[in-house]
Amino acid sequence: MFLIAPVVQRIVKWCGKRKAMLIATVISAISLLPLLSSLPLWLLFPLRLITGLASGVMICLGETWINELSPENKRGRILAIYTTVFTVSQLLGPSFIAYYGVEDKSPLFICTLIHLISVALFLLMDQKVGDRLAETASESNFSIVQFVKVAPGICAGILFFAFFDGTILSMFPIYGMGMGHTEAVAAMMISAILAGDAIMQMPFGWLADHMNREKLYRICGVVTLGASMLLPFLITHTYFIWVLLFVLGATAGAIYTIALVQIGQYFRGNELIIANAAAAMLWGIGNLSGPLLAGAATAISPSGLPILLIGIAGLFLWFTREKYGAQAIEQQAQ
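Computed from a prediction, not measured in an experiment: that's the story for all the values here.

J.: In this structure, what is going on with the overall build of the protein chain? I would like to understand it.
T.: Looking only at helices and strands, one finds 13 helices and zero strands in the protein chain. The linear arrangement of helices and strands in the protein chain, starting from the amino end, is α-α-α-α-α-α-α-α-α-α-α-α-α. By the compact-globule yardstick of 20 Å for 334 residues, the protein chain fits well, its C-alpha radius of gyration being 20 Å. Along the longest, intermediate and shortest principal axes, the C-alpha atoms of the protein chain span 60 × 55 × 30 Å. For the protein chain, restricting intrachain contacts to residue pairs at least 6 apart in sequence, the fraction spanning at least 24 positions comes to 82%. On the protein chain, roughly 16,200 Å² of surface is accessible, and the fraction owed to carbon and sulfur atoms is 70%. The positive charge centre, built from 19 side chains, and the negative charge centre, built from 17, are 4 Å apart in the protein chain.

J.: Which parts of the structure should I look at to understand the nonpolar core?
T.: Looking at soluble globular proteins, one finds that nonpolar side chains tend to be buried together. With 86 residues, the main nonpolar core has Phe-147, Phe-160, Phe-164, Phe-172, Leu-231, Ile-263 and Phe-267 as its most contacted residues. Tallying contributions element by element places helix α10 (residues 240–266) first for this core, with 14 residues. What Leu-231 contacts, discounting residues up to four positions off in sequence, is Phe-172, Tyr-175, Ile-241, Leu-244, Leu-245, Pro-306 and Leu-309.

J.: Explain a nonpolar patch on the surface here, please?
T.: Judged by side-chain polarity, Met-211, Ile-219, Val-223, Val-243 and Val-247 come together as a nonpolar surface patch covering roughly 350 Å² of accessible area. With respect to the helices and strands, the residue Val-243 is situated in helix α10.

J.: Hey, could you run me through the layout of surface pockets in this one?
T.: Over the atoms, a rolled probe matching the size of one water molecule traces out where space is still vacant. Of the pockets and cavities examined, the second largest pocket occupies roughly 270 Å³. Lining the second largest pocket are Gln-90, Leu-91, Pro-94, Ser-95, Ala-98, Leu-169, Pro-173, Glu-183, Ala-187, Ile-190, Ser-191 and Leu-194. Of all elements in the fold, only α4 (75–100), α7 (152–178) and α8 (183–210) reach the threshold of two or more residues within the lining of the second largest pocket. Grouping the amino acids of the lining of the second largest pocket by side-chain chemistry returns eight nonpolar, three polar and one charged.

J.: Which parts of the structure should I look at to understand the packing of aromatic side chains?
T.: The description of two aromatic rings rests on the distance between their centres and on the angle between their planes. Per the stated rule, a full pass over the model turns up 13 aromatic pairs. For the ring pair Phe-86 and Trp-283, a centre distance of 5.7 Å and an interplane angle of 75 degrees mean the geometry is edge-to-face. Residue Phe-86 is located in helix α4, and its partner Trp-283 is located in helix α11 (residues 269–300); the two are separated by 197 residues in the primary sequence. Here the aromatic cluster, defined as three or more aromatic residues joined through ring pairs, consists of Tyr-82, Phe-86, Phe-160, Phe-161, Phe-164, Tyr-217, Tyr-256, Trp-283 and Phe-316. Looking at Arg-321, its charged tip hangs above the ring of Trp-318, at a distance of 3.6 Å from the centre.

J.: Even after reading the chapter, I still don't get empty space enclosed by the protein, so can you show me in this structure?
T.: In total, this model carries three cavities of 30 Å³ or more according to the counting rule given. Counted as a void, the second largest cavity has a volume near 60 Å³. When residues of the lining of the second largest cavity are traced back to their parent elements, those giving at least two are α7, α8 and α10. Broken down by element, the residue count for the lining of the second largest cavity peaks at five residues, all from α7.

J.: Mind showing me how you'd approach the pattern of salt bridges here?
T.: Tallying each qualifying case throughout the model produces five salt bridges. Note that Arg-75 and Glu-72 form a salt bridge whose closest N and O atoms lie 2.9 Å from each other. Because the salt bridges share partners, they merge into one network encompassing Glu-72, Arg-75, Arg-77, Asp-209 and Arg-213.

J.: Teacher, can you tell me more about α8 here?
T.: Note on helix geometry: an α-helix contains 3.6 residues per turn, so any two residues three or four positions apart are oriented the same way. When the terminal C-alpha atoms of α8 are compared, their 41 Å separation across 28 residues agrees well with the 40 Å that a helix rising 1.5 Å per residue should span. The largest bend along α8 reaches roughly 45 degrees and is located at Met-200, with the proline Pro-203 sitting one to four residues downstream.

J.: Any chance you could explain the packing of α7 against α10 here in plain terms?
T.: The relative placement of two packed helices comes down to the angle between their axes together with the axis-to-axis distance. Packing of α7 against α10 brings their axes to within 9 Å, and their N-to-C directions diverge by 145 degrees. Here α7 and α10 pass one another in a crossing that is left-handed. Each of Ile-154, Gly-157, Ile-158, Phe-160, Phe-161, Phe-164 and Phe-172 in α7 lies in contact with α10, whose residues at this interface are Leu-245, Leu-248, Ala-252, Gly-253, Ile-255, Tyr-256, Ala-259, Gln-262 and Ile-263.

J.: I tried to follow the state of the cysteines on my own but got confused; where do I start?
T.: Note on terminology: a disulfide is the covalent bond linking the sulfur atoms of two cysteines. Applying the stated criterion across every chain, the model contains zero disulfides. The thiol sulfur of Cys-15 is not disulfide-bonded, and the nearest other cysteine sulfur, from Cys-60, lies at 13 Å. Its relative accessible area of 5% is what places Cys-15 among the buried residues. Here Cys-155 stays free of any disulfide, with the sulfur of Cys-60 as its closest cysteine sulfur at 13 Å. Cys-155 sits in the buried class, given a relative accessible area of 6%.

J.: Sorry, what's going on with the side chain of Gln-90 here?
T.: Note on placement: Gln-90 falls in helix α4. For Gln-90, a relative accessible area of 18% gives the class buried. A polar contact is formed between the side chain of Gln-90 and the side chain of Asp-165, at a distance of 3.0 Å. Leaving out residues up to four positions away in the same chain, Gln-90 has contacts with Asp-165 and Leu-169.

J.: What's the story with the side chain of Ser-31 in this structure? I'm lost.
T.: By the element assignment, Ser-31 lies in helix α2 (residues 17–32). A relative accessible area of 4% places Ser-31 in the buried class. A polar contact is formed between the side chain of Ser-31 and the backbone oxygen of Ser-28, at a distance of 2.6 Å. A distance of 2.7 Å separates polar atoms of two side chains, one belonging to Ser-31 and the other to Thr-51. Those residues in contact with Ser-31, other than ones at most four positions away along the chain, are Leu-47, Ile-50 and Thr-51.

What counts, and at which threshold
Residues numbered from 1 in each chain as written. Predicted model: local features only at pLDDT ≥ 70, side-chain atom pairs only at ≥ 80, totals over all residues. Heavy atoms only, no water. Helix = DSSP H or I, 4+ residues; strand = E, 2+ residues; numbered from the N terminus. Rg over C-alpha atoms; globule rule 2.2 N^0.38 Å. Contact = heavy atoms within 4.5 Å. Areas by Shrake-Rupley, 256 points an atom, 1.4 Å probe, with all protein chains shown as cover. Lys, Arg positive; Asp, Glu negative; His and termini not counted. Charge placed at Lys NZ, Arg CZ, Asp CG, Glu CD. Core = buried A, V, L, I, M, F, W, Y, C linked by side-chain atoms within 4.5 Å. Buried < 20%, exposed > 50% of the residue type's maximum accessible area, 1.4 Å probe, protein only. Patch = residues over 30% accessible without salt bridge, like charges linked within 9 Å, V, L, I, M, F, W, Y side chains within 5 Å. Salt bridge = Lys/Arg side-chain N within 4 Å of Asp/Glu carboxyl O. 1 Å grid on protein atoms, 1.4 Å probe; cavity = no way out; pocket = protein on both sides within 12 Å on 5 of 7 lines; lining within 4 Å. Points joined across faces, edges and corners; volume = space filled by probe spheres on them. Nonpolar A, V, L, I, M, F, W, Y, C, P; charged D, E, K, R; others polar. Phe/Tyr/Trp six-rings, centres within 6.5 Å; stacked < 30°, edge-to-face > 60°. Lys NZ or Arg CZ within 6 Å of the ring centre and 35° of its normal. Expected span 1.5 Å × (residues − 1). Bend = angle between axes of the 7 residues up to and from the residue. Axes fitted to C-alpha atoms, helices over the stretch in contact; angles between N-to-C directions. Left-handed = near helix turned anticlockwise from the far one by under 90°. Disulfide = S-S within 2.5 Å. Polar contact = N/O pair within 3.5 Å; in protein donor to acceptor, adjacent residues only side chain to side chain.

Laid out in structure tokens, this is it:
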């Protein structure tokens, strides 16, 4: 995802969004097929790299196209549907593996089938609006670096959630077991976080369409910071911990949803593609660095994970100040 993001704009210029996403879906499916047989370990790495390249195209262009087609007064709810599907898919993937077992190839067959359904939908769709770049797109000098400079608040939200997502999925069971819970309970805690994320995005999307989005962005940051601070104190509580984890997942997920909504609110055309390419790069950075830093923090202290979450949530809030928000983006546009 990190490698493909800078060239997504050129891919769209060459073949359009629909064909680019279709090709990426086919490549992703093909990269999964060799996994149905026994492979040497070294071969898994280039295959996963190819899957990541294809996924980067699909995510970047999918988020761009959804934002382009969303009317402003419904953008929050439409993006909330997208992020809900994203989260449910993240939950279902590992669940299939847990249900069938690591030796069973059924999860790979299911994943390949989903790819084939997506290919069929792309072939059937007749969506022309937003497929090609405008003629004036090549004249724009807008770049990923400029997007990061002009919208640090949005960038901080995407980086935070990618960091949060990677950390929770990989390290939270270890933290839970370290606090005395069984492996099954620790795994259920991840489900509680993802459930909060999936269930609450539609309400937050509705709020994003009916109130100041930057204010909502900050509120979600404050609640996420507060939940992270309470985590070490409630992790062993029989009942309150489940409510806390649900809230933590809900508000952390809403930060990502609102970040995407703001990208669609302030950027158009070529700039929107570049903004989403930057978001894909930030996602790759956050998703990679989160587990690495969480592993190091957990090795230093049993409470290393929540301390790390407190730090990254606080950093996100620092970048939600007005000087990094909409005013800076609008001044750049002028």
